[in-house]
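Residue strings, one per chain:
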Amino acid sequence: MNLNVLFNSIISGFILLSLFWIYKIIKSYLWIKKTKRVTTSPATKNIFVVIPVLKESERIARTIVYFRKKFSHLNLKLVIVTTEAEYQNKNCTELNTVTIVEQLSKAYPNVFHYHYPHLRGKMAHQLNYAIRGIISKRHGKNALFTIYNADSRPHPNTFDWILSYLDKHKEAKVFQQYGDYTQNINNLKSGLKKPILWSAACWQNRWSIGFEIPHALKQFKRRVTPTIFSYPLNYCIGHGLFFTEDIYKKLGGFCEETHNEDAIFGLELSYLKEPIVPIPYFDLSDTPDTVSGLYLQKSNWFFGPLEAFSYYKKIVKKNKVNPLKLLILTLKLFMHAVYWVAGPTAMLVAIILTLLDFSIERIVLLLITIFIFLTVPSFLSWFLIKHSLEEKTARKQIVFSFFYNLIGSFPCYLLHGLSAYRTLMLIIISKITKKTVVKEKTPML
């Protein structure tokens with residue numbers, strides 16, 4: 001292929017994708033504005049907020065206070081799940097997460113402490129240990145489970161919206177709240193890394209409002225019954241996930257054999273045609289505060305779509321399924337991993353082609369493409385999420401956000417691609433050494 005044709009094809013593809021992103025972001029914003037009506041409902045359900053923690057001594061107390069304060073009118077039971085892996089740290093002091101949670105569970109009647117008693121295990125092990133323990137105590141089929149992280153701050157209207165939705169749609173069994181990852185961006189340290197980290201938070205917001213919500217809404221389009229080829233794939237994320245006891249039992253809990261537990265959960269729900277209801281309020285969460293932490297987090301997340309065919313095998317072994325239908329959904333999930341690698345790689349190829357055949361026209365076209373594809377949608381996502389929640393945003397912060405996205409979105413996007421290559425290298429090394437890749441915790445300062 002002629003290099004000029006290749007360059008023009010890449011640029012054209014990114015510009016078309018930019019327009020598609022902007023369309024989806026605006027469409028989701030309009031849905032949020034239309035849907036976020038809340039009617040106060042009686043607190044008839046037992047709602048178990050399950051928070052798996054590891055080395056979260058700095059944050060867990062504040063999180064418990066937040067839930068108790070914002071949702072005091074509801075019958076919330078906060079279930080904090082610690083793990084024996086807490087003691088692997090040689091510098092572990094008396095004020096570790098386990099000790100703090102024990103103290104909090106004694107101080108507050110609606111705080112319950114479960115301790116996963118094994119060193120080895122992932123988040124899925126902690127979740128299953130606690131949820132199965134709760135179910136064994138027979139709290140009734142009226143229970144609703146939800147999973148959050150130690151840094152989660154769900155919007156104050158979240159639970160009321162879900163309960164009001166259930167009043168009208170009693171058949172609903174799964175809900176998903178999406179992330180607003182800007183909780184700590186105003187506290188990021190100044191310097192060259194700040195624009196990258198700020199852009200990363202805005203990129204994740206873009207993913208929430210421009211990708212995850214549109215995919216969820218596809219489930220509810222009033223069309224002819226979808227065929228096995230057209231049924232939309234929706235997937236879950238590990239925080240802000242709500243589900244009933246029936247669904248948990250139907251899926252056999254969270255898979256403990258995969259790197260991430262949420263992607264396979266969503267894949268199986270899609271296969272079973274169990275709608276995952278999107279919530280028009282966000283879970284305010286932290287973004288990594290170091291570039292290395294961001295790199296590690298994205299590398300961990302890449303396992304989600306990458307292991308799609310592993311999920312296929314496990315679901316087939318577990319249930320009698322239509323293999324073609326499941327395979328099509330699996331391919332849709334795996335394509336997310338392909339896009340993850342292909343996008344940044346194509347951008348890098350465009351840069352190399354520009355350097356090989358340098359011209360003012362080509363460099364200007366490349367810079368415009370980067371601006372339209374990276375800066376504009378990410379900034380727009382940040383702004384519209386704030387606006388949809390009616391949060392006041394100072395003009396100075398709007399200028400700063402635009403500036404940080406302008407200069408930070410490009411290196412952030414390349415880091416996004418590099419994280420995928422890191423995961424691929426870890427898998428290759430694990431195959432050679434025959435050692436399992438261990439899921440790494442994202443470090444925070």
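Residues numbered from 1 in each chain as written. Predicted model: local features only at pLDDT ≥ 70, side-chain atom pairs only at ≥ 80, totals over all residues. Heavy atoms only, no water.

Draft legend 1. Structural context of the overall build of the protein. Across its full length, the protein carries 13 helices and 8 strands. Here the protein has a C-alpha radius of gyration of 22 Å; the compact-globule value for 445 residues is 22 Å, and the two agree. Over its C-alpha atoms, taken along the principal directions, the protein stretches across nearly 70 × 55 × 50 Å. Residue burial in the protein is summarised as follows: out of 445 residues, 53% are buried. In the protein, of all internal contacts separated by at least 6 residues, the share reaching a separation of at least 24 is 83%. Total accessible area on the protein stands at roughly 21400 Å², and carbon and sulfur atoms take up 61% of it. (Helix = DSSP H or I, 4+ residues; strand = E, 2+ residues; numbered from the N terminus. Rg over C-alpha atoms; globule rule 2.2 N^0.38 Å. Buried < 20%, exposed > 50% of the residue type's maximum accessible area, 1.4 Å probe, protein only. Contact = heavy atoms within 4.5 Å. Areas by Shrake-Rupley, 256 points an atom, 1.4 Å probe, with all protein chains shown as cover.)

Draft legend 2. Just unusual backbone geometry, in detail. Even without glycine at this site, Lys273 takes up a positive phi of about 60 degrees. Among the structural elements, Lys273 can be located in the loop between helix H8 (262–271) and strand S8 (276–284). At Lys434, a position not held by glycine, the phi torsion is positive, near 60 degrees. With respect to the element layout, Lys434 can be found in the segment after helix H13 (395–433). Take Lys434: its relative accessible area is 76%, and that puts it in the exposed class.

Draft legend 3. H8, seen in detail. H8 sits mainly inside the fold: 10 of its 10 residues count as buried. Those residues of H8 that fall on the buried side of the exposure criterion are Asp262, Ala263, Ile264, Phe265, Gly266, Leu267, Glu268, Leu269, Ser270 and Tyr271. Positive backbone phi, at 60 degrees, marks Lys273, one or two positions downstream of H8.

Draft legend 4. The pairing of strand S7 (residues 241–244), seen in detail. Taking every second residue as pointing to the same face, both faces of S7 are buried, with Leu241 and Phe243 on one and Phe242 and Thr244 on the other. In this sheet, S7 lies alongside strand S4 (residues 144–147) in antiparallel orientation, the contact comprising 4 bridges. Its bridge partner lying in S7, Ile147 is registered against Leu241. (Pairing = 2+ DSSP bridges.)

Draft legend 5. Structural view of H13. For H13, spanning 39 residues, the distance from its first C-alpha to its last is 54 Å, which sits close to the expected 57 Å at 1.5 Å a residue. The largest bend along H13 measures about 50 degrees and falls at Gly408, with the proline Pro411 one to four residues further on. Looking one or two residues past H13, Lys434 carries a phi angle of roughly 60 degrees, positive in sign. (Expected span 1.5 Å × (residues − 1). Bend = angle between axes of the 7 residues up to and from the residue.)

Draft legend 6. View of the pattern of salt bridges. Counted by the stated rule, this structure contains 10 salt bridges. Of the charged contacts in the structure, one is a salt bridge between Glu56 and Arg59, with a shortest N-O distance of 3.0 Å. The exposure class assigned to Glu56 is buried, which follows from its relative accessible area of 9%. Arg59 sits in the buried class, given a relative accessible area of 16%. Residue Lys318 is joined to Glu268 by a salt bridge in which the shortest nitrogen-to-oxygen separation is 2.9 Å. Of this pair, Lys318 sits in helix H10 (residues 308–318) while Glu268 sits in helix H8, and the two are 50 residues apart along the sequence. The class of Lys318 is partly exposed, set by a relative accessible area of 41%. In this structure Glu268 comes out as buried when scored by relative accessible area, which is 3%. In this structure, a network of salt bridges that share partners links the residues Glu56, Arg59 and Asp286. (Salt bridge = Lys/Arg side-chain N within 4 Å of Asp/Glu carboxyl O.)

Draft legend 7. A look at the sheet that holds strand S5 (residues 153–154). The mixed open sheet is built from 8 strands, whose spatial order is S3-S2-S1-S4-S7-S6-S8-S5. The sheet is open, and its two edges are formed by strand S3 (111–116) and S5, each paired on a single side. Here 3 bridges tie strand S6 (residues 174–180) to S7, and the two strands are oriented antiparallel to one another. Paired with Phe175 across the bridge in S7 is Phe242.

Draft legend 8. Seen up close, the pairing of S6. Burial analysis of S6 places 7 of its 7 residues in the buried class, which makes it a mostly covered element. Pairing of S6 with S8 involves 6 bridges; the strand directions are parallel. Bridge pairing in S8 links Phe175 to Val277.

Draft legend 9. Local environment of the environment of Leu78. Of note, Leu78 is situated in strand S2 (residues 76–83). With 33 residues separating them in the primary sequence, Leu78 and Val111 have C-alpha atoms 4.7 Å apart.

Draft legend 10. Layout of the packing of aromatic side chains. Using the criterion set out here, one finds 36 aromatic pairs in the structure. When the centroid spacing of 6.5 Å and the interplanar angle of 90 degrees are considered together, the rings of Trp161 and Phe175 count as edge-to-face. A residue pair is termed long-range when its members are at least 10 positions apart, and Trp161 in helix H5 (residues 158–168) and Phe175 in strand S6 qualify at 14 residues. Residue Phe175 is classed as buried on the basis of its relative accessible area of 0%. An aromatic cluster is present here, built from Phe14, Trp21, Trp203, Trp207, Phe211, Tyr235, Phe373 and Tyr413 joined pairwise through their rings. (Phe/Tyr/Trp six-rings, centres within 6.5 Å; stacked < 30°, edge-to-face > 60°.)

Draft legend 11. Layout of the nonpolar core. By size, the foremost hydrophobic cluster in this structure holds 63 residues, and its most contacted members are Val49, Phe67, Phe159 and Phe175. Broken down by element, the residue count for this core peaks at 9 residues, all from helix H1 (residues 3–35). Setting aside its immediate chain neighbours within four residues, Phe67 contacts Val49, Ile51, Ser72, Leu76, Leu78, Tyr148, Ser152, Pro154 and Phe159. In terms of nonpolar packing, the next biggest core, distinct from the first, is built from 25 residues, Tyr114, Ala124, Ile135 and Ile247 among them. (Core = buried A, V, L, I, M, F, W, Y, C linked by side-chain atoms within 4.5 Å.)

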